[in-house]
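As a plain string of letters, each chain reads:
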There are 2 protein chains.
Amino acid sequence: MRHTVTIHKKDGSQAVMVDNDANLLELLRHNSIPFDTPCGGKGTCGKCAVKVVGIQDQPSDKERELLGAARIADGYRLACRSIITADLDVYPEDTAREASIITGGLKRNIKLVPSVTKQYVELAVPALDDQLPDLERVLSAAEPELTSYDTALLQELPEVLRKSGFQVTLAGIDGKLAAVEPGNTTDELFGAAFDIGTTTVAAYLHDLTTGECLAVASRLNPQRKYGADVISRISYAMQSKEEAGVLQSLIISCINELLDDLVQKSGIKHTGIYMSVFAGNTTMMHLMTGLDASNIAIAPFIPVTTEMMRFDPRSMDLHMNKSGVGVVFPGVSAYVGADTVAAILSSGMYEDEEISLLVDIGTNGEIVLGCRDWMMSCSTAAGPAFEGANIRNGVGGVKGAIDSVGQAPDFKYTTIGDKSPVGICGSGIIDVIAALLDAGVIDETGRLADEDETDLPEEEYAHRIVSIEGIRAFRLTAEDDRGTSVQIVITQRDIRELQNAKAAIAAGIETLVKLSGAGAEAVKKVYLAGGFGSSINMESALRIGLLPREFGNRIQTIGNASGAGAVEGLLSRHMLELTRQIKNKVKYVELSASVDFTERYVENMLFSKE
Amino acid sequence: MRHTVTIHKKDGSQAVMVDNDANLLELLRHNSIPFDTPCGGKGTCGKCAVKVVGIQDQPSDKERELLGAARIADGYRLACRSIITADLDVYPEDTAREASIITGGLKRNIKLVPSVTKQYVELAVPALDDQLPDLERVLSAAEPELTSYDTALLQELPEVLRKSGFQVTLAGIDGKLAAVEPGNTTDELFGAAFDIGTTTVAAYLHDLTTGECLAVASRLNPQRKYGADVISRISYAMQSKEEAGVLQSLIISCINELLDDLVQKSGIKHTGIYMSVFAGNTTMMHLMTGLDASNIAIAPFIPVTTEMMRFDPRSMDLHMNKSGVGVVFPGVSAYVGADTVAAILSSGMYEDEEISLLVDIGTNGEIVLGCRDWMMSCSTAAGPAFEGANIRNGVGGVKGAIDSVGQAPDFKYTTIGDKSPVGICGSGIIDVIAALLDAGVIDETGRLADEDETDLPEEEYAHRIVSIEGIRAFRLTAEDDRGTSVQIVITQRDIRELQNAKAAIAAGIETLVKLSGAGAEAVKKVYLAGGFGSSINMESALRIGLLPREFGNRIQTIGNASGAGAVEGLLSRHMLELTRQIKNKVKYVELSASVDFTERYVENMLFSKE
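Residues numbered from 1 in each chain as written. Chains lettered and ligands numbered in written order. Predicted model: local features only at pLDDT ≥ 70, side-chain atom pairs only at ≥ 80, totals over all residues. Heavy atoms only, no water.

### Points about the overall build of chain A
Per the secondary structure count, chain A includes 17 helices and 31 strands. By its C-alpha atoms, chain A is 100 × 50 × 50 Å across when sized along the principal axes. Looking at chain A as shown, the accessible area adds up to about 24500 Å², and 48% of this sits on carbon and sulfur atoms. Both charge centroids of chain A, one from 57 positive and one from 83 negative side chains, sit 3 Å from each other. (Helix = DSSP H or I, 4+ residues; strand = E, 2+ residues; numbered from the N terminus. Areas by Shrake-Rupley, 256 points an atom, 1.4 Å probe, with all protein chains shown as cover. Lys, Arg positive; Asp, Glu negative; His and termini not counted. Charge placed at Lys NZ, Arg CZ, Asp CG, Glu CD.)

### Re the pattern of salt bridges
All names here are of chain A. Throughout the structure, instances matching the rule amount to 66 salt bridges over all chains. Of the charged contacts in the structure, one is a salt bridge between Arg219 and Glu257, with a shortest N-O distance of 3.0 Å. Within this pair, whereas Arg219 is found in strand E16 (residues 213-220), its partner Glu257 is found in helix H6 (residues 241-266), the two being separated by 38 residues in sequence. Accessibility expressed as a relative area gives 35% for Glu257, which makes it partly exposed. Ionic contacts of the salt-bridge type, sharing partners, join the residues Asp443, Arg447, Asp450, Glu453 and Arg472 into one network. (Salt bridge = Lys/Arg side-chain N within 4 Å of Asp/Glu carboxyl O. Buried < 20%, exposed > 50% of the residue type's maximum accessible area, 1.4 Å probe, protein only.)

### Remarks on the sheet that holds strand E22 (residues 375-380) of chain A
All names here are of chain A. Strand order in the open sheet formed by 6 strands is E30-E29-E20-E21-E22-E31, and the pairing between neighbours is mixed. Each edge of the open sheet is held by one strand with a lone partner, namely strand E30 (555-559) and strand E31 (586-588). Direction aside, neighbouring strands of the sheet carry axes that sit 25 degrees apart on average. (Pairing = 2+ DSSP bridges. Axes fitted to C-alpha atoms, helices over the stretch in contact; angles between N-to-C directions.)

### Details of the interface of chain A and chain B
Contact with chain A, which involves 41 residues of that partner, is made by 41 residues of chain B. For the pair chain A and chain B, the summed buried area comes to about 3000 Å², and 57% of that belongs to carbon and sulfur atoms. For the interface between chain A and chain B, the tally reads 4 salt bridges. We note a salt bridge from Lys583(B) to Glu136(A), for which the minimum N-O separation is 3.0 Å. Viewed at the interface, chain B and chain A are joined by 22 residue pairs in polar contact (both at pLDDT 80 or more). When residues of the side of chain A that touches chain B are assigned to their parent elements, the largest contribution, 4 residues, is made by helix H3 (residues 134-141) of chain A. (Contact = heavy atoms within 4.5 Å. Buried area = accessible area lost by both parts, 1.4 Å probe. Polar contact = N/O pair within 3.5 Å; in protein donor to acceptor, adjacent residues only side chain to side chain.)

### Looking at the environment of Phe190(A)
All names here are of chain A. For Phe190, the position within the fold is in strand E14 (residues 190-196). Residue class for Phe190 comes out buried when judged on its relative accessible area of 8%. In this structure the C-alpha to C-alpha distance between Phe190 and Leu170, which are 20 residues apart in sequence, comes to 15 Å. Residues in contact with Phe190, not counting those within four places in the same chain, are Leu205, His206, Asp207, Leu208, Leu214, Ile268, Gly272, Ile273, Tyr274 and Met275.

### Some details on the pairing of strand E26 (residues 465-468) of chain B
All names here are of chain B. Two strands pair when backbone bridges link them, and E26 and strand E27 (residues 471-477) are joined in this way by 4 bridges, in the antiparallel orientation. Paired with Ser467 across the two strands is Arg472, which belongs to E27. With antiparallel pairing between neighbouring strands as the criterion, E26 and E27 make up a hairpin whose turn holds 2 residues, including Glu469 at a positive phi of roughly 50 degrees.

### Comments concerning the nonpolar core
In terms of nonpolar packing, the biggest core is built from 112 residues, with Leu177(A), Val180(A), Ile196(B), Phe278(B) and Met288(B) touching the most fellow members. Per element, the largest residue contribution to this core is 10 residues, and it comes from helix H6 (residues 241-266) of chain B. Ignoring sequence-local partners within four residues, the contact set of Leu177(A) consists of Leu135(A), Val138(A), Leu139(A), Leu146(A), Ser148(A), Tyr149(A), Asp150(A), Leu153(A), Leu170(A) and Ala171(A). (Core = buried A, V, L, I, M, F, W, Y, C linked by side-chain atoms within 4.5 Å.)

### A few points about unusual backbone geometry
Backbone geometry follows two general trends: most residues other than glycine have a negative phi, and most peptide bonds adopt the trans configuration. Residues and elements named next belong to chain B. The residue after Glu143, namely Pro144, is reached through a cis peptide bond having omega -10 degrees. Mapped onto the elements, Pro144 comes out in the loop between helix H3 (134-141) and strand E11 (148-149). The linkage connecting Ala408 with the following residue, Pro409, adopts the cis geometry, with an omega of 5 degrees. Locating Pro409 in the fold gives a position in the loop between strand E23 (401-405) and strand E24 (413-415). The phi angle at Asp21 is positive, at roughly 70 degrees, despite the residue not being glycine. Note on placement: Asp21 falls in the loop between strand E2 (12-19) and strand E3 (22-23).

### Some words on the packing of aromatic side chains
Residues and elements named next belong to chain B. Going through the model one piece at a time under the given rule, you end up with 12 aromatic pairs over all chains. Pairing Phe301 with Tyr335 gives two aromatic rings, centres 6.0 Å apart and planes at 75 degrees, and the pair type is edge-to-face. Here the residue Phe301 occupies a position in the loop between helix H8 (294-297) and strand E18 (309-311), and Tyr335 occupies one in the loop between strand E19 (325-328) and helix H10 (338-347), the gap between them amounting to 34 residues. You can call Phe301 buried: its relative accessible area is 16%. (Phe/Tyr/Trp six-rings, centres within 6.5 Å; stacked < 30°, edge-to-face > 60°.)

### Remarks on the state of the cysteines
Residue and element names in this part refer to chain A. Applying the stated criterion across every chain yields a total of 0 disulfides over all chains. The thiol sulfur of Cys48 is not disulfide-bonded, and the nearest other cysteine sulfur, from Cys80, lies at 3.7 Å. Judged by relative accessible area, which is 2%, Cys48 ranks as buried. (Disulfide = S-S within 2.5 Å.)

### Considerations on the relation of the copies chain A and chain B
Once chain A has been moved 0.1 Å along the axis and rotated by 180 degrees, it coincides with chain B to within an RMSD of 0.4 Å. The transformation just described matches what one would write down for a two-fold rotation axis. (Least-squares fit on C-alpha atoms with pLDDT ≥ 70 in both.)

### Looking at the sheet that holds strand E28 (residues 488-491) of chain B
Residues and elements named next belong to chain B. With antiparallel pairing, the 3 strands of this open sheet are ordered in space as E26-E27-E28. Each end of this open sheet is capped by a strand with a single partner; those strands are E26 and E28. Averaged over all adjacent pairs, the angle separating strand axes in this sheet is 45 degrees, with direction ignored. The strands touched by helix H13 (residues 492-516) within the sheet are E27 and E28, with E28 carrying the most contacts at an inclination of about 60 degrees.

### Description of helix H11 (residues 426-438) of chain A
All names here are of chain A. Under the 1.5 Å per step criterion, the end-to-end length of H11 is 19 Å for 13 residues, consistent within 8% with the ideal 18 Å. Burial analysis of H11 places 12 of its 13 residues in the buried class, which makes it a mostly covered element. Taken together, the buried positions of H11 are Gly426, Ser427, Gly428, Ile429, Ile430, Asp431, Val432, Ile433, Ala434, Ala435, Leu436 and Leu437. On its buried face, H11 is in contact with strand E23 (401-405), strand E25 (423-424), strand E27 (471-477), strand E28 (488-491), helix H13 (492-516) and helix H14 (538-544). (Expected span 1.5 Å × (residues − 1).)

### Points about the packing of H10(B) against helix H15 (residues 561-571) of chain B
Residue and element names in this part refer to chain B. Contact pair H10 / H15: the axes reach a minimum separation of 7 Å and the direction vectors enclose 75 degrees. Looking at the two axes, H10 sits roughly perpendicular to H15. Taking contact as the criterion, the partners of Asp339, Ala342, Ala343, Leu345 and Ser346 in H10 are, on H15, Ala561, Ser562, Ala564, Gly565, Ala566 and Glu568. When grouped by side-chain class, the residues that make up the contact of H10 with H15 number 6 nonpolar, 3 polar and 2 charged. (Parallel < 35°, antiparallel > 145°, perpendicular 65-115°, else oblique. Nonpolar A, V, L, I, M, F, W, Y, C, P; charged D, E, K, R; others polar.)

### A closer look at the packing of H6(A) against helix H7 (residues 282-289) of chain A
Helix packing for two helices is described by the angle between their axes and how far apart those axes are. Residues and elements named next belong to chain A. Two elements in contact, H6 and H7, have axes separated by 7 Å at closest approach and are oriented at 95 degrees. Our classification of the angle between H6 and H7 gives roughly perpendicular. Facing H6, whose interface residues are Leu247, Gln248, Ile251, Ile252 and Ile255, H7 presents Leu287, Met288 and Thr289. Looking at side-chain class alone, the contact of H6 with H7 contains 6 nonpolar, 2 polar and no charged residues.

### Overview of H13(B)
Compared with an ideal rise of 1.5 Å per residue, which puts 25 residues at 36 Å, H13(B) spans 36 Å between its outermost C-alpha atoms and is within 8% of the ideal. Phi turns positive one or two residues past the end of H13(B), at Gly517(B), with a value near 75 degrees.

Here it is in structure tokens:
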């Protein structure tokens, strides 16, 4: 006799034919509905409770005790104790949790299905009539099935099993048995996501059993001393293996310090971190993993690889569980890296029917245009002006950085943390240039104007326009302003630097939009990602022509979208798998070979009159 | 318009529907018919020649030049130049070679499909309009597809590609890109197979492009000094990690010396060896790979694992290509190891409809009974008597070892290499015991008889039966015999040792035959494997009761069947995969828990009268 068991899941129902007297737990497992049953299906742990309609016999005393009257009344039974003697309807709970990732204005709900999983098992103790070898004994208890294993764990396995009385926790990574730990350690399951920027490195610690973010930390990239941009770093690394080794050591130390920070802030143990996910530009990923970055710097700009990479944390001596895994996001090309793929992921543009534009402004500017069906990308050598580098008084988003500047004639400014000014960061630079344009202090070509061309009163002009080492400059703060001894100026050279940067980005956007043939009006959403994107004054950005004015009302700043994407890859193996699809879908447009880009770049060097 | 292409293969035909104007090379590749085309399908290398009926257009001049008139007349064309415009019949050649493995009296033809393959490719040089990263460029040229890669090769990849002008050889292992070498190295593809015995280690070097055996070498296992049997070795290793490390170092040194021997004998380079395959008993495999063997020695006898293991040659510093692979055959249990699985493989009993018996006599005695549908196995602690160990004048099969002994009263003997006698090896011991039984010098219980009980003349008896350190012994050779200074004797204790060994094996065989329910007459073939099996006098073996007399005419000695099985795994990934199936099919019978075995063991301690 056979019966029909209908399994009602969130995403649809499934009917399964089974023999009379089949066990419900086995049936459900066979149909990919996992239960973690420490008792091994002996009816004592209560972990296989499931709502079922149609069971003929009455709940046992043990079931009543384990499930309680309310759940019994609701139709819950222990699957392991349920023998199928009639047609049944089963309503397994969707046990996958969801985690919310908020990036700037975006919120994405990610189903929590991390690559790393844990399972506590109480194994049978070997006997003369049960001589399964240690590894095979462990693997046979794994659910879902683990099809391979880390050979390193075999060394300690016999001792771990025997000292723990064969009660152990299995850690699995992508179907591979990664670790066997004594006792029940299922509540220790954490992961870290990293955005390795040329200037800044950000780190996020998440609980992989709840999805919760437990701590965030960031540090400046210590490779900075060997150059502000990727080309300088590569030039340094190209000298010899020793110099390349220095850059790798620096970034690994930085990652380890961030891991220490995260552990300290959250109170967890280093060994609780089983997975670290990395996004960053292609050069950063090469330097971190010890790959030769030389050919990224010279035409035709060829990375060693932009495939997703997995590595053994032991190979970099990372401060995390040695049996865990390191994952580097895939990239698209030498200058559209894993950070851009991560940003595409967290923006959600890859699944949008409508066309979006993603502009990620960091030390370089990466631009992606497209939708569910196609995507194209380019990179512009915007330079690190927006991160405060190559600007006379430029600084990153540190305390005391001038982050907003008002209109003439006062040019009122604010500083981060309301501290004495120490310099000016990206958002401040954009503001001050916009204000100077409005006041006619900078003309269309970017030249600091003569007194009679500006709206400024004569005295104000004399006070503000100074000469520093033979270069004209606009003095934003005096030496004694708000308790600082630093005079903060915007030099003519700084303005040129910014013109280059904004022209590169604007020309890149225009080139992609033209290439796509879609037209600017088809672009329904514009995502502005990057460290400085969140604090930027959009009106100023449009004023200086960083973004086309026609996109004005469609722009959304989404902050560190790369970091958010790395977190998504940490929380969900499906999201990780999606990055491969994104890598393969995004077409790369080489701007250095584009006459169109060069023309637009020159045009965009000018400021608009407005 | 669509056409039907019928692909005629050795194992059947396959019809495929294709669009008009499809390329034949692409179609064949898509249907798993590999071609190695260094020209990249440009019609210049001629490597994609295939016999095809139905092509509409005439062969081009280039095709005529590359294929020659005879092949053109036979219907051969270049697949890469063939555009499908009508229904076609294609006859791809079965390019896999076969290799013959001869083991004792057995000959098996193995299709040559090694796990390691090589392919020479001439890659396009990167350009601004072809910016594929180095790894992706290499992987895209691989046929058949390689789906993963060894991260270590990324370090050197940019330099290898650029120094070779992007003309490289790819080494693939089981679908993984293992190495990228400059230039064409496809003719350097070798592998080694090892049988790691408790007493003797044998090594075989094969050319993986032809299957040919290039060299054979063997050495005594240097772990011998820590005990003749596996239990003594484990006891030594159990003292601490240091002692276990000593045993691992010894066997790795021995393997490396054998690799050196093979390289020296064949004139190849160490770096040409990409794969090493290991068979051996479970303890040897544990000690070699550094696994804790302690629980093998104590009930209930649990190995860490008997799964197939793959390891990085770097992890053991093996004298072979660092990008190659080491493979350890799977085993069945603590005492039926990878060597037995290898012997089952090379005997072919796993695919035989009829029931076979395999007896592998080494330091232990493993017995397998079964056929295509079922197999069962056991291990008897026979002790190393047959390898000459624990026998007063026992030696292995070395020069000067007495390897055959004639009947009374002369007891004429031969020695290996016709040298002065240095001791007696397994086949000699069996002969002398058989002769002594026939002459009544040993009685049914194994006791050295008194003078009046024997057939020997009085003088001869007085001369032959001596007392050594208070133990009675039979003197086979005098001190001055054939220029030796050694007196070779068989002591009463040696006889007991042999009785134990032969009783264990005979009882094991009887227990399996009984358990199977098949009956001795159903056993159609008896394979006697093991180092000493080839030189054994079968009549003597039957006389002493090592094998049941009723099997007399069905016995075939197959020599080092374990080594032959390891070679098969080296030459064919299908054979390697078969070992997993064999592992899973063979049921292990624990004799220490069998009352039946104990009874039969006691019975078999007696010699038959005849």
